[in-house]
Amino acid sequence: MLQRAGSYVVSFLRLAGSDLGRIVADVIKANSAAPANAVADRVIAHLARLNVTSTYWPGDDEVRAALMNESAYRRYPRARLRAFLEAIENNFRAETGQPQVERAGFPIEHILPQKWMDNWPVVGLEAEQARRERVHRLGNLTLLTSGLNSKLCHSPWVVKRRALLEHNTIKLTGRLLAQTENSEWCEELIDRRTSDLADAILRVWAVPHSHSGQVVDPQTKAQDWVQLKHLIEAGPLTSGEKLLASHRDFSGVEATVGADGHITVDGRRFESPSGAAKHVRKRVTNGWYFWTLADGRRLRDVRAEFLAAAPGAIGI
């Protein structure tokens, strides 16, 4: 339970974890004299009452939204990502009373390969972008009992599926193979499997019935959820508007805002300001600080003005 309210949620939702130690200390202090049979209910009630951004217990809808779109393979350390996949595997095994998976550092495998362009091509820029966005998502990842060699990793689906069958004793992978006996692995199946794996995670780290994770200081939390599309819809930003790199080492670099909130720079499309900034700087960069409008305002300033004018605009 504390894991769901702690490092698990900090990872998936990119929340600050600086207050977690205080939460644990408060829980211990408040329940040190409680009867053993009452501790669990009291801890649950304590966590459910937390209602500020730095300590609240998020609900299922928020966690699911993050899981569905996160590039999990890039976002999380390998050991933590493997722990998430092992938890899902154990949830599947529990359905038939099987023993838990051995924690042996099994390889994490991409079903759609990271280097998919050679043997998994698609036609058109939109199709390429859709594939690129999904390659690192949770639904495209699995555990294997032994790794595939690089040739098999990047082989066409019919070849790779056969190799996965030969290298697998994991239900996480077995279910995937059973569901694709007569179909190609594709974006639709990645989305469907991401949803299925999200369901499993929410079963493993369950919240109390009807808990939704409301906060009383949504303004603090809201800035983390504002996207460029919200600024376009509200008017502070327009489709086709030019953004300029603020860093002196990249003076003159321009990006263009798309109608749906994406950013194009160097002919490549990015879904977030930080993704576009990372492409330019070749390192993790806060895009809300990196990009400015022609009038000199940084994107973070435009976001702050938007939130001040319409604090409920994104329904947080």
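Just above sits the structure.
This report concerns the structure included in the present document. All figures in this text were calculated on a predicted structure; none of them were measured in a lab.

Quick look at helix H14 (residues 273-281) now. What H14 keeps buried is the set Pro273, Ala276, Ala277, His279 and Val280. The buried residues of H14 occupy an angular sector of 155 degrees when the element is viewed end-on, so they sit on one face.

Next up on the list: a positive patch on the surface. Among the surface-exposed residues, Arg74, Arg132, Arg268, Lys278 and Lys282 lie close enough to one another that they form a single positively charged patch. Look at Lys282 and you get exposed, because its relative accessible area is 63%.

So, on to the environment of Glu128. Residue position: Glu128 is located in helix H7 (residues 125-134). On a C-alpha basis, the gap between Glu128 and Met117 in space is 8.8 Å, while along the polypeptide they are 11 residues apart. Leaving out residues up to four positions away in the same chain, Glu128 has contacts with Trp116 and Val122.

Position of Leu228 relative to the elements: it lies in helix H13 (residues 228-234). The spatial distance from the C-alpha of Leu228 to the C-alpha of Ala259 is 9.3 Å, given a sequence separation of 31 residues.

Per the counting criterion, the structure on display carries six aromatic pairs. Three or more aromatic residues link up through ring pairs in this structure, and these residues are Tyr76, Phe84 and Trp205. Across from the ring centre of Tyr289, 3.9 Å away, lies the NZ or CZ of Arg298, which sits over that ring. Stacked on the ring of Trp288, the Lys or Arg Arg303 has its end atom at 4.6 Å from the ring centre.

Locating Gln129 in the fold gives a position in helix H7. On the basis of relative accessibility, which here comes to 10%, the residue Gln129 falls in the buried class.

Right, let's get into the sheet that holds strand S4 (residues 254-257). The five strands lie next to each other as S6-S5-S4-S3-S7, forming an open sheet whose pairing is antiparallel. Only two strands of the sheet have a single neighbouring strand rather than two, namely strand S6 (268-270) and strand S7 (291-292). With two bridges connecting them, strand S3 (residues 242-245) and S7 associate as antiparallel partners. Each bridged residue has a counterpart across the sheet, and for Ala245 the counterpart in S7 is Trp291. H14 rests against strand S5 (263-265), S6 and S7 of the sheet, and its axis sits at about 10 degrees to S5.

Moving on to the packing of helix H6 (residues 78-94) against helix H10 (residues 171-179). Close contact between H6 and H10 brings their axes to 8 Å; oriented N to C, the two are set at 70 degrees. The angle between H6 and H10 falls in the class roughly perpendicular. Two secondary-structure elements touch here, H6 through Leu85, Ile88, Glu89, Phe92 and Arg93 and H10 through Lys171, Leu172 and Arg175. In terms of residue class, the contact of H6 with H10 is made up of four nonpolar, no polar and four charged.

How each quantity is defined
- Residues numbered from 1 in each chain as written.
- Predicted model: local features only at pLDDT ≥ 70, side-chain atom pairs only at ≥ 80, totals over all residues.
- Heavy atoms only, no water.
- Buried < 20%, exposed > 50% of the residue type's maximum accessible area, 1.4 Å probe, protein only.
- Helix = DSSP H or I, 4+ residues; strand = E, 2+ residues; numbered from the N terminus.
- Arc of directions from axis to C-beta.
- Patch = residues over 30% accessible without salt bridge, like charges linked within 9 Å, V, L, I, M, F, W, Y side chains within 5 Å.
- Areas by Shrake-Rupley, 256 points an atom, 1.4 Å probe, with all protein chains shown as cover.
- Salt bridge = Lys/Arg side-chain N within 4 Å of Asp/Glu carboxyl O.
- Lys, Arg positive; Asp, Glu negative; His and termini not counted.
- Charge placed at Lys NZ, Arg CZ, Asp CG, Glu CD.
- Contact = heavy atoms within 4.5 Å.
- Phe/Tyr/Trp six-rings, centres within 6.5 Å; stacked < 30°, edge-to-face > 60°.
- Lys NZ or Arg CZ within 6 Å of the ring centre and 35° of its normal.
- Pairing = 2+ DSSP bridges.
- Axes fitted to C-alpha atoms, helices over the stretch in contact; angles between N-to-C directions.
- Parallel < 35°, antiparallel > 145°, perpendicular 65-115°, else oblique.
- Nonpolar A, V, L, I, M, F, W, Y, C, P; charged D, E, K, R; others polar.

Worth remembering: the numbers are spatial, not functional.
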